[in-house]
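# Structural overview
What follows is each chain in one-letter form.
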Amino acid sequence: MPHNAVMDSRQGLVKVFAAGARALARGGTFVLDQLYPPTCLACHQPVTQAHTLCGACFAQLRHISAPYCPILGIPFGVALGPGALSAEALADPPPFERARAAVAYNDAARRIVSLLKYGDHPELARFCARLMAPAGRDLWTDRPVLVPVPLHFTRRIERRYNQSAELAHALAKILDLPCDPGLVRRSRRTRQQVGLTGDQRRRNVSGAFTAHPDLVARLRGRRVVLVDDVLTTGSTVVAITHALKRAGVHQIDVMTFARVVIGLDLPI
Ligand SMILES: [Zn+2]
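Summary of the structure given here. All values reported here derive from a predicted model rather than from experimental measurement.

What follows deals with the packing of aromatic side chains. Under the definition given, this model contains one aromatic pair. With centroids separated by 6.3 Å and ring planes inclined at 80°, the aromatic side chains of phenylalanine 58 and phenylalanine 127 adopt a geometry described as edge-to-face. Highlighted residues: phenylalanine 58 in helix α2 (residues 55-60) and phenylalanine 127 in helix α5 (residues 122-135), separated in sequence by 69 residues. You can call phenylalanine 127 buried: its relative accessible area is 2%.

Moving on, we come to the coordination of the zinc ion. Within the protein, the zinc ion binds to Cys40 (SG), Cys43 (SG), Cys54 (SG) and Cys57 (SG); these donor distances fall in the range 2.3 to 2.4 Å. Classification of the site at the zinc ion rests on its four donor atoms, whose angles at the metal span 104 to 115°, yielding the label tetrahedral. Mapped onto the sequence, the donors of the zinc ion take the spacing C-x2-C-x10-C-x2-C. One end of the pair, cysteine 40, is in the loop between α1 (3-35) and α2; the other, cysteine 54, is in the loop between α1 and α2, with 14 residues separating them in the sequence. The pair formed by cysteine 40 and cysteine 54 is uniform in burial state, with each residue classed as buried.

Okay, α5 next. Here α5 is 14 residues long and its end C-alpha atoms lie 20 Å apart, about the 20 Å a rise of 1.5 Å per residue gives. Across the 14 residues of α5, ten count as buried, placing the element largely inside the fold. Taken together, the buried positions of α5 are Glu123, Leu124, Ala125, Phe127, Cys128, Ala129, Leu131, Met132, Ala133 and Ala135.

Here the focus is the pairing of strand β2 (residues 98-104). Here β2 lies mainly inside the structure; seven of its seven residues are buried. The sheet contact formed by strand β1 (residues 62-63) and β2 spans two bridges and is antiparallel. By the bridge assignment for β2, arginine 62 is matched with alanine 104. Here β2 runs beside strand β7 (residues 252-259); their pairing, made up of six bridges, is parallel. Counterpart to valine 103 in the pairing with β7 is alanine 258.

A few words on the side chain of aspartate 180. Mapped onto the fold, aspartate 180 is located in the loop between α7 (163-175) and β4 (184-186). Among the polar contacts listed, one links the side chain of aspartate 180 to the side chain of arginine 218, at a separation of 2.8 Å. Residue contacts for aspartate 180: discarding those within four places in its chain leaves Val145, Leu146, Val147, Pro148 and Arg218.

A word on the sheet that holds β1. Overall, mixed pairing links the five strands, which are arranged β1-β2-β7-β6-β3 in an open sheet. For this open sheet the edge positions go to β1 and β3 (145-148), each flanked by a neighbour on one side alone. Helix-sheet contacts for α7 involve β3, β6 (224-231) and β7, and the interaxial angle to β6 is about 125°.

Attention shifts here to the nonpolar core. In terms of nonpolar packing, the biggest core is built from 42 residues, with Leu53, Leu61, Ile112, Met132, Leu171 and Phe257 touching the most fellow members. Those elements that place two or more of their residues in this core are β2, α4 (107-118), α5, α7, β6 and β7. Looking at this core, the element that brings in the most residues is α5, giving nine residues. Excluding its chain neighbours within four sequence positions, the residues that come into contact with leucine 61 are Leu53, Val103, Asn106, Ala108, Ala109, Ile112, Phe127 and Leu131. Within the second largest apolar cluster, 29 residues are counted, among which are Ala99, Val205, Ala243 and Leu244.

Conventions used here
- Residues numbered from 1 in each chain as written.
- Predicted model: local features only at pLDDT ≥ 70, side-chain atom pairs only at ≥ 80, totals over all residues.
- Heavy atoms only, no water.
- Phe/Tyr/Trp six-rings, centres within 6.5 Å; stacked < 30°, edge-to-face > 60°.
- Helix = DSSP H or I, 4+ residues; strand = E, 2+ residues; numbered from the N terminus.
- Buried < 20%, exposed > 50% of the residue type's maximum accessible area, 1.4 Å probe, protein only.
- Donors = N, O, S within 2.8 Å, 3.2 Å for Na, K, Ca; no water.
- Tetrahedral: all angles 85-135°; square planar, octahedral: opposite > 155°, others 65-115°.
- Expected span 1.5 Å × (residues − 1).
- Pairing = 2+ DSSP bridges.
- Polar contact = N/O pair within 3.5 Å; in protein donor to acceptor, adjacent residues only side chain to side chain.
- Contact = heavy atoms within 4.5 Å.
- Axes fitted to C-alpha atoms, helices over the stretch in contact; angles between N-to-C directions.
- Core = buried A, V, L, I, M, F, W, Y, C linked by side-chain atoms within 4.5 Å.

From the geometry alone we can't say anything about function, so treat these as descriptive.
Below you can see the structure in the form of structure tokens.
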């Protein structure tokens, strides 16, 4: 058999195997769907498509879209004209450049975030990342490095995984961006921010983060986008931004799944 014919028959076999594997995978999904019909990620009602929310839960999410504050990403009720900033950004300018979030933090978002944090549902991270990718489109233009807000290693052992890292990895996969969870470390175990006032939150996380000694070399001039589940007062991402700036990084943005919007505040 001439060499080309051997190659053709090999490629043919590979194609047959690949088609067979795809058919098996489809069949596998079909069988799994029969055994475990897909359910809503938030309320567990049956749904037609896996890894998503039912119509009722999805309708409760309040997606953030323009017009919003160009710095903090806080949605404006009405368009205030180009360059108009939110009162929050004017009163207390953050050290990072921009923050964006996919949804406002309400009951539906809280359910998703708490499932993501404590429920061990990696498919939820993919769902959230699918909403975060378009909501953060301003931030992806020059191929930044995604850096999840780190957990202290003792807390990661307790929780088994870091929900921010799950979000950052899922987002990196969708956007084909680098993700480097090792760039910042939580060097001090902090109290959970839940129930603390703004001032207490700031003190709680101040100086708690350390940038990797090779940070600047690892970034090679690229900007950083910090990734977290919820932006509340912003004290955690502010503390990390300070640590990054001390280490020589100056372009830092923040991307979260949800953000607290005044008027929709919930105790967390
Ligand atoms: Zn639902």
